[in-house]
Amino acid sequence: MMQPADGRETSGATTGGLLRYVRSRGGDHAVAQVLAQAGISATPAELDDQSRWWSYDTRIALFAAATEVLDDPRTMFDVGRAVLQTGLAHSLVILLRAMGTPRQVFRQLPRAVQKFSSTSTMEVLEAASTSATVRYRLHDGYRHSRLDCDYTQGLLSTVPQIFTLPPARVVHEECQSDGYEACIYHVTWNRRSRLPWRRRGTPAVDPELHALRGQLQILQSAAGDLVASDDVDTVLERIVSRAAEAVLAPAYLLAVHAPGGGAPLVHGSGLPPERIPELAAALLDGGDLGPGAVVVDVASARRSHGRLAALYRAGDGAMGEEAAMLSAYAGHAAAALDLIIALEEARTEAERAGALLALAHELAATTDAAEVAELVTEALPRVVGCTTAGILLWDATTGTLRSHSSVRLGGAAHDLLQATALRAEDVPELVGMLTSREPQVVRTATSSPVMRQLLEGVGTTDAVAVPLLADGVFLGVATAGWRRGEAPVHLEGEVLTRLRGIGDQATTALQKARLLQTVRHQATHDALTGLPNRVLFLERLTAAIAAAHRRTHLAVLFCDLDRFKQVNDTLGHAAGDELLRQVAARLRAVVRPGDTVGRLSGDEFAVILPGLPDAADADGLAARVVDCFTEPFRLEGTDVAVGTSVGVAVHRAGCDTAQQLLREADAAMYRHKHASRPTSARG
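Here's the deal with the side chain of threonine 67
On the secondary structure map, threonine 67 appears in helix α3 (residues 56-70). A polar side-chain atom of threonine 67 sits 2.9 Å from the main-chain carbonyl oxygen of phenylalanine 63. Residue contacts for threonine 67: discarding those within four places in its chain leaves Asp72, Pro73, Thr75, Met76 and Leu147.

Here's what the structure looks like:
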């Protein structure tokens, strides 16, 4: 089937009126036959949409199909003559009736025709009190159709009926289809008689009253349709679609302020897409859209949403009181927007409250600082309504602020943020938070050079940063960011309040996680040396045994210091503690990066050696441990020589538990200590 091209040459008022006439004669079945016969894939509802326009070929195909389906050569004349009953745009009937006489209507008819077709030009050559001569020419490049001519004659005959007069008589002797340069129509009508019995052919129902009723129904229907919409975007689309029922124009433009701030919401119909942003900006700013524009405010008692415009071609323009009609419709649109925005705001607040509650539950079950940061970062866009979000943590030892987690950033932007370290001396905004502990609103237009470069690099133009403080200690910041044109107008208001709230939750959770991390570290590490204690050492050894590969070897070194008791007795316990700290440092320095050094008790240390290519490599590492004790230790200003005895145990696949392997290393250490003593000392 043929898909009608959106040539914007024939108004939906024409195609819709035709289908309504066919339906009145033959029902929905006849309408379906017409669409099939014409090869049109559009639905009846689409063809009845007065905001849509169709190609000239679609128009003529429908005319021909209707004539054939109804099997009446006068079909198109009758369609034109019946427009007052089948629903010619009610707003147009009201406007034409307001002109006072058929003569005045014919004088304005060329402007009215432009509301229905862009392929023809109409001129009124003469307009008298009871007659008019009309010249109607199809533009070059189109093939003239007598059916279109019949339809035009039917339309012309209805002009007197608008004023409750009998239909006009139309004489058509020169037709473009016969080779004439244009179609010429001679139209005559009766003068209004003051004698009641001479008012034959007067319509039973006043067309103006019928149009007023129809216009009221349209406005009521439009109001119900708009209120039934589910979201703001749908409402805006329907406002533009239904605007054609208030004012018939070739194009429409609607621009409203976004409810939550950011770029305006724009919908247009009948306009080149590339021109819509420019025209929308001018519309909202009160700019001049030209003499062919009818512009009204979309405003209610509660708020001003934006503006709606009906746009005409150059040389055309509004007729009569179209601005008042469009304004009445815009009032319904504003009321609908009030309702939908209120519903969306309530829905958004409910979602944000739910997100905050869910975050609170998740944070309550989290004891890991990294997981806290991730959870808070993921929740920020849902709670704050931002485009991007992140948590940056403060490293007091280096004086830098670094990204810990972020969401909704592209790969390059994420990498840039991860690689950036913000230092107070380079970033005045950071100094402000460190000194005043107050949130900072950062914008590319006013920020420091370092911040501007970072914001531009991650694609953010506006951001809010809230410090995370625990008992006055600066832990980092929670950030919410927006891309260009997306930020709310006032970041210091509700946005900041929500960000503060989630920042407080983050601070509490981070503080708890760090406290638990400290307690956990104290429970698993030696307080003096910071090395894993016996409990953690055995856990890691068990894990290493489970992960041991068949092609490599796992070994344990057990170390016991020589002369440790003598150091304690002669130099004191403080010197003994210092000796243990220095021993721990030497052991960490001499082993491989993947090895684990632990202090088991007193002067006993042990080392886990995973992934050894050969079992004999354990002896080489043991020798390195012994050698690191060659240099004396500096204690209380005195050089003290302290040695060590080292035992080695190699794990045998499937045979050793962590405890067994450690006992074997302990036993080997005692054998080494016994063998290294002088013979006299053994006795």
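Details of the sheet that holds strand β13 (residues 421-423)
The 6 strands lie next to each other as β13-β12-β11-β16-β15-β14, forming an open sheet whose pairing is antiparallel. Of all strands in the sheet, those with a lone pairing partner are β13 and β14 (440-443), marking the two edges. Taken pair by pair, the neighbouring strands of this sheet meet at an average axis angle of 30°, ignoring direction. Bridge count for strand β15 (residues 462-470) against strand β16 (residues 473-482) is 9 bridges, and the pairing is antiparallel.

A look at the pairing of strand β7 (residues 251-256)
With 6 of its 6 residues buried, β7 lies for the most part within the structure. Judged by which residues are buried, β7 turns out to be covered on both faces: Ala251, Leu253 and Ala255 on one side and Tyr252, Leu254 and Val256 on the other are all buried. As judged from the 6 bridges shared by β7 and strand β10 (residues 304-311), these two strands associate in the antiparallel manner. If you follow leucine 253 over to β10, its bridge partner there is alanine 309.

Describing the sheet that holds strand β6 (residues 183-188)
One open sheet accounts for 4 strands, arranged β3-β4-β6-β5; its pairing is antiparallel. Lying at the two open borders of the sheet, with one neighbouring strand each, are β3 (120-127) and β5 (169-174). Ignoring strand direction, the axes of neighbouring strands in this sheet form an average angle of 20°. Examined bridge by bridge, β5 and β6 share 5 bridges and lie antiparallel to one another. Along β6, the bridge assignment pairs valine 170 with valine 187. Contacting β3, β4 (131-138) and β6, helix α7 (residues 102-113) crosses the sheet at an angle of about 165° to β3. Lying over the sheet, helix α8 (residues 146-157) contacts β3, β4, β5 and β6, oriented at roughly 25° with respect to β6.

Basis of the calculations
- Along each chain, numbering runs from 1 in the same order as the chain's sequence is written.
- Local features in this predicted model are restricted to residues whose pLDDT is 70 or higher, and side-chain atom pairs enter the listing and the counts only when it is 80 or higher, whereas totals over whole chains, interfaces and linings include all residues.
- Hydrogens and water molecules were not included; the side-chain quantities draw on all heavy atoms of the structure.
- The helix and strand labels rest on DSSP assignments: H or I over at least four residues marks a helix, E over at least two residues marks a strand, and numbering proceeds from the N terminus.
- Under the rule applied, a polar contact is a pair of N or O atoms within 3.5 Å (in protein, one hydrogen donor and one hydrogen acceptor; residues adjacent in sequence only if both atoms are side-chain atoms).
- We call two residues contacting when some pair of their heavy atoms lies within 4.5 Å.
- Here, a strand pair is defined by DSSP locating no fewer than two bridges between the strands.
- The axes are straight lines fitted to the C-alpha atoms, using for helices just the contacting stretch, and the angles between their N-to-C directions are given from 0 to 180°.
- For each residue, the accessible area found with a 1.4 Å probe, counting protein chains only, is set against the maximum for its type, and the residue is called buried under 20%, exposed over 50%, and partly exposed in between.

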